[in-house]
Amino acid sequence: MKILTLATVVLLGTSLAACSGSDSEGGGSGSDSSAYCKDVAKAKPVFEDLATGDLSKLEEGLNTFHRLADEAPSDLKDDWRSLDDAATSIEKALKESGLKFSDLPAVQQGQIPPGVDVTKLTTFAADLQKLNTSAFDEARAAIAKQAKDTCNVKLGAI
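Residues numbered from 1 in each chain as written. Predicted model: local features only at pLDDT ≥ 70, side-chain atom pairs only at ≥ 80, totals over all residues. Heavy atoms only, no water.

## Observations concerning the packing of aromatic side chains
Tallying each qualifying case throughout the model produces 2 aromatic pairs. Ring centres of phenylalanine 47 and phenylalanine 65 lie 5.5 Å apart, and the angle between their planes is 70°; on these two criteria the pair is classed as edge-to-face. Taken together, the residues phenylalanine 47 in helix α2 (residues 35-51) and phenylalanine 65 in helix α3 (residues 58-71) connect sequence positions 18 residues apart. By relative accessible area, which is 1% here, phenylalanine 47 ends up buried. On the numbers, 5.7 Å between centres and 80° between planes, the contact of phenylalanine 65 with tryptophan 80 is edge-to-face. Note that phenylalanine 65 is positioned in helix α3 and tryptophan 80 in helix α4 (residues 77-97), a separation of 15 residues in sequence. Just as phenylalanine 65 is buried, tryptophan 80 falls in that class too. Members of the aromatic cluster, connected to one another through ring pairs, are Phe47, Phe65 and Trp80. (Phe/Tyr/Trp six-rings, centres within 6.5 Å; stacked < 30°, edge-to-face > 60°. Helix = DSSP H or I, 4+ residues; strand = E, 2+ residues; numbered from the N terminus. Buried < 20%, exposed > 50% of the residue type's maximum accessible area, 1.4 Å probe, protein only.)

## Focus on the confidence of the model for the protein
When pLDDT is averaged along the protein, the result is 75; 75% of the residues meet or exceed 70. Ranking the elements of the protein by mean pLDDT puts helix α1 (residues 2-16) last with 44 and α3 first with 88. (pLDDT = per-residue confidence, 0-100.)

## With respect to α2
Over its 17 residues, α2 runs 24 Å from end to end, which matches the ideal 24 Å to within 8%, given 1.5 Å per residue. For α2, the principal kink sits at alanine 43 and spans about 35°; a proline, proline 45, occurs within the next four residues. What α2 keeps buried is the set Tyr36, Cys37, Asp39, Val40, Ala43, Lys44, Val46, Phe47 and Leu50. Just past α2, the residue glycine 53 takes up positive phi, approximately 90°. (Expected span 1.5 Å × (residues − 1). Bend = angle between axes of the 7 residues up to and from the residue.)

## A look at the pattern of salt bridges
One pass over the structure, following the stated rule, counts 7 salt bridges. The residue lysine 42 makes a salt bridge to aspartate 39 at a minimum N-O spacing of 3.6 Å. Taken together, the residues lysine 42 and aspartate 39, both in helix α2 and 3 residues apart, mark about one turn of the helix. Taking relative accessible area as the criterion, aspartate 39 reaches 11% and is therefore assigned buried. Among the salt bridges present, the one from aspartate 137 reaches arginine 140, with a minimum N-O distance of 3.5 Å. Of the two residues, aspartate 137 and arginine 140 are both situated in helix α7 (residues 134-151); the distance of 3 residues between them amounts to about one turn of the helix. (Salt bridge = Lys/Arg side-chain N within 4 Å of Asp/Glu carboxyl O.)

## What to know about the packing of α3 against α4
Contact geometry of α3 with α4 gives a least axis separation of 9 Å together with a crossing angle of 145°. By crossing handedness, the relation of α3 to α4 is classed as left-handed. Residue-level inspection shows Leu58, Leu62, Asn63, Phe65, His66, Leu68, Ala69, Asp70 and Glu71 of α3 in contact with α4, the latter providing Lys77, Trp80, Arg81, Leu83, Asp84, Ala87, Thr88, Ile90, Glu91 and Leu94. (Axes fitted to C-alpha atoms, helices over the stretch in contact; angles between N-to-C directions. Left-handed = near helix turned anticlockwise from the far one by under 90°. Contact = heavy atoms within 4.5 Å.)

## Focus: the environment of lysine 77
Turning to its location among the elements, lysine 77 is positioned in helix α4. For the pair lysine 77 and isoleucine 143, spaced 66 residues apart in the sequence, the C-alpha separation amounts to 9.7 Å. Once residues lying within four places of it in the same chain are set aside, the contact partners of lysine 77 are Ala69, Asp70, Glu71 and Ala72. In terms of polar contacts, lysine 77 uses its side chain to reach the backbone carbonyl oxygen of alanine 69, at 3.3 Å. (Polar contact = N/O pair within 3.5 Å; in protein donor to acceptor, adjacent residues only side chain to side chain.)

Dropping the structure here:
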């Protein structure tokens with residue numbers, strides 16, 4: 001099941017790499033006190049874990065997407081909605097394939113849990129690849145730029 005692992009890592013690596021970054025930038029502007037900016041700063045380590053391919057953090061990462069999409073400032077609502085819609089698609093495809101988030105580390109090791117539909121697992125991998133679009137890339141770039149400019153949090157290269 002290297003296809004699933006590869007597709008997941010490709011999606012997360014390319015999309016969440018913009019939501020990570022090794023440089024830590026502290027903030028000083030008044031905007032940093034907003035709940036959104038605080039939550040973006042708190043989310044950075046989760047995104048960094050996902051960008052390394054650590055699928056044990058996938059559920060936490062997707063929940064973070066949902067929370068930030070709900071909190072996003074109006075100028076980023078559409079961008080966060082793109083990422084949140086992708087998170088929802090991943091969750092739906094996981095469920096349809098018979099996987100639980102807790103199964104993903106084993107799947108990364110090539111172990112398919114009992115009851116998992118291999119055909120749907122392959123479809124899940126293909127669906128993940130479809131999420132890697134230019135619109136998705138543009139949304140994450142806008143989010144990373146705003147995080148840096150407004151929240152003083154570096155979420156990765158733009």
